[in-house]
Amino acid sequence: RHLVLEPLDEAAALEANRLTCGYASPAVPDFGNSNYVLSFSAPLVEAGPSPVRTQRLLAHMRQGRPGRRGKLVQADARFSLTAAYADEWLPLKPGSEGALALAIAHVLLRDGLADKDFLARRTLGLERFRQIAERYGPGTAAATTIRARVKKRPTASVTAQTTKALQARQYRASKKAQNNQHDD
């Protein structure tokens, strides 16, 4: 006899996608329509149903579109295969991904870069979340999440300007993709 524990089976993952993304299918990064991908410790290159397909899609994002080169940033405590493949690796202190995500949320909310319509339709407790995110500015995140000395690969620290630029580009790209979907 043996015991198998699978805390997040496929049905749970599909339902989570339906509730958060609006579709009940496996989450697959849309590298073909992305200009900037920020991954929080996700093993994008080394895991998933087809690592080879993922690498091909990432290569297309980077070089397969004339005049457009996408960028992959891996925020991770380990120098994983995805971190090695990424254009930039943000070497995080273990367990600090949440603080970095809150700092990004802080900038999005503070600077009006968040999708207000989406937040109104799909979230509960936004004001409480805003209060929590206010405690995590970009300077705090840089000081508490990024490891200071990493010998394997140089990296830039997370700054307000970098975070704003990243989120503004990502927001514009997602809005453009949504508009293109509505045109079909």
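Residues numbered from 1 in each chain as written. Predicted model: local features only at pLDDT ≥ 70, side-chain atom pairs only at ≥ 80, totals over all residues. Heavy atoms only, no water.

A. Inspection of the packing of aromatic side chains at higher detail. Under the criterion given, the structure shown has one aromatic pair. On the basis of an interplanar angle of 65 degrees and a centroid distance of 4.8 Å, the ring pair of Phe79 and Trp89 is categorised as edge-to-face. Of the two residues, Phe79 is situated in the loop between β2 (71–76) and α3 (81–85) and Trp89 in strand β3 (residues 88–91); the sequence distance between them amounts to ten residues. Of the residues examined, Trp89 reaches a relative accessible area of 2% and is grouped as buried. A cation over an aromatic ring shows up here: Arg62 above the ring of Tyr85, its NZ or CZ 4.6 Å from the ring centre. (Phe/Tyr/Trp six-rings, centres within 6.5 Å; stacked < 30°, edge-to-face > 60°. Helix = DSSP H or I, 4+ residues; strand = E, 2+ residues; numbered from the N terminus. Buried < 20%, exposed > 50% of the residue type's maximum accessible area, 1.4 Å probe, protein only. Lys NZ or Arg CZ within 6 Å of the ring centre and 35° of its normal.)

B. The sheet that holds β2, seen in detail. Pairing in this open sheet of three strands is parallel, and the strands run β1-β2-β3 from one edge to the other. The open sheet terminates on both sides in strands that have one partner only, identified here as β1 (36–40) and β3. Strand-to-strand twist in this sheet, taken as the mean axis angle between neighbours without regard to direction, amounts to 15 degrees. (Pairing = 2+ DSSP bridges. Axes fitted to C-alpha atoms, helices over the stretch in contact; angles between N-to-C directions.)

C. Inspection of the nonpolar core at higher detail. Ranked by size, the top nonpolar core spans 19 residues in total, and within it Leu38, Ala75, Leu90 and Leu100 carry the most contacts. With seven residues, the single largest contributor to this core is helix α4 (residues 97–110). Counting residues in each nonpolar core, the second largest holds eight residues, with Phe31, Leu44, Leu58 and Ala86 among its members. (Core = buried A, V, L, I, M, F, W, Y, C linked by side-chain atoms within 4.5 Å.)

D. Structural context of the side chain of Glu88. Here Glu88 is to be found in strand β3. Here Lys71 takes part through its side chain, which lies 3.2 Å from a polar atom of the side chain of Glu88. (Polar contact = N/O pair within 3.5 Å; in protein donor to acceptor, adjacent residues only side chain to side chain.)

E. Molecular detail of the packing of α4 against helix α6 (residues 126–133). As a packed pair, α4 and α6 sit with axes 9 Å apart at the nearest point and diverge in direction by 115 degrees. Comparing the axis directions of α4 and α6 gives the class roughly perpendicular. As for how α4 packs across α6, the hand of that crossing is left-handed. Of α6, the residues touching α4 (which contributes Leu102, Ala105, His106 and Leu109) are Leu126, Phe129, Arg130, Ile132 and Ala133. Across the contact of α4 with α6, the residue classes tally to seven nonpolar, one polar and one charged. (Parallel < 35°, antiparallel > 145°, perpendicular 65-115°, else oblique. Left-handed = near helix turned anticlockwise from the far one by under 90°. Contact = heavy atoms within 4.5 Å. Nonpolar A, V, L, I, M, F, W, Y, C, P; charged D, E, K, R; others polar.)

F. Spatial organisation of the pairing of β1. Burial within β1 is extensive, with four of its five residues counted as buried. Of the pairings in the sheet, the one linking β1 to β2 comprises five bridges and is parallel in character. Bridge pairing in β2 links Ser39 to Gln74.

G. Structural detail: helix α7 (residues 138–145). Within α7 the residues assigned to the buried category are Pro138, Ala141 and Thr145. Along the axis of α7, the buried residues cluster in a sector spanning 55 degrees; they form a single face. Those residues of α7 that are exposed and angled more than 90 degrees off the buried face are Gly139 and Ala143. (Arc of directions from axis to C-beta.)

H. View of the side chain of Thr145. Here Thr145 is to be found in helix α7. Setting aside residues no more than four positions away along its own chain, Thr145 makes contact with Pro91, Leu92, Lys93, Ser96, Ala99 and Leu100.

I. Spatial organisation of the pattern of salt bridges. What the rule picks out here adds up to seven salt bridges. Its salt-bridge partner being Lys71, residue Glu88 comes within 3.2 Å of it at the nearest N-O pair. Here Lys71 lies in strand β2 and Glu88 lies in strand β3, a separation of 17 residues in the sequence. Judged by relative accessible area, which is 14%, Glu88 ranks as buried. Looking at Lys71, the relative accessible area reads 28%, which means it is partly exposed. The shortest N-O distance in the salt bridge between Arg110 and Asp111 comes to 2.8 Å. (Salt bridge = Lys/Arg side-chain N within 4 Å of Asp/Glu carboxyl O.)

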